Amino acid sequence: MNNSDYNKAEKAVNETENSLKNAANDAKWKISDLADKARDYINEKRDNDQEATQEDWLDRVKSNFSETWEDIKDKADEAWEKTKDAAEDVKAEWRKKTN
């Protein structure tokens, strides 16, 4: 296998690592956003002279986490496919060289 093939495989692994790091970082920011939204929810209810309820808040949280999970899942799926494809390319090249 030539150096180019190894470089392609290494690049795919690096891209996968970066993609997963970005997904984790996005999740961290979503959690920070969620805290801000909790404060906004409480203030909104207070301003409208309404009661802030746990059930209402949890409905909002479920919606937010559902969106976050989908984002993370999509990035993880994409990273998996890139890594798998690169690994298959490396295996194919290795087989060519060893046969």
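Residues numbered from 1 in each chain as written. Predicted model: local features only at pLDDT ≥ 70, side-chain atom pairs only at ≥ 80, totals over all residues. Heavy atoms only, no water.

1. A closer look at the overall build of the protein chain
Here is step 1 of the chain: Secondary structure assignment for the protein chain yields 2 helices and 0 strands.
Here is step 2 of the chain: For the protein chain, whose C-alpha radius of gyration is 22 Å, the value lies well above the compact-globule estimate of 13 Å for 99 residues.
Here is step 3 of the chain: Along the three orthogonal principal directions, the C-alpha set of the protein chain runs to about 75 × 20 × 10 Å.
Here is step 4 of the chain: Here the protein chain holds 99 residues, and 18% of them are scored as buried.
Here is step 5 of the chain: Partitioning the intrachain contacts of the protein chain with sequence separation of at least 6 by distance along the chain shows that 71% fall at a separation of at least 24.
Here is step 6 of the chain: Working note: accessible area of the protein chain is about 7,700 Å², and carbon and sulfur atoms make up 49% of it.
Here is step 7 of the chain: Computed over 19 positive and 26 negative side-chain charges, the separation of the two mean positions in the protein chain equals 6 Å. (Helix = DSSP H or I, 4+ residues; strand = E, 2+ residues; numbered from the N terminus. Rg over C-alpha atoms; globule rule 2.2 N^0.38 Å. Buried < 20%, exposed > 50% of the residue type's maximum accessible area, 1.4 Å probe, protein only. Contact = heavy atoms within 4.5 Å. Areas by Shrake-Rupley, 256 points an atom, 1.4 Å probe, with all protein chains shown as cover. Lys, Arg positive; Asp, Glu negative; His and termini not counted. Charge placed at Lys NZ, Arg CZ, Asp CG, Glu CD.)

2. Details of the environment of A79
Here is step 1 of the chain: Within the secondary structure, A79 is located in helix α2 (residues 54-98).
Here is step 2 of the chain: Overall, A79 belongs to the buried group, its relative accessible area being 2%.
Here is step 3 of the chain: If we skip the residues at most four places from it in the chain, A79 touches T16, S19 and L20.

3. So, the side chain of K45
Here is step 1 of the chain: With respect to the helices and strands, the residue K45 is situated in helix α1 (residues 3-47).
Here is step 2 of the chain: Look past the residues within four positions of K45 in its chain and what remains in contact with it is Q50, E51, A52 and D56.

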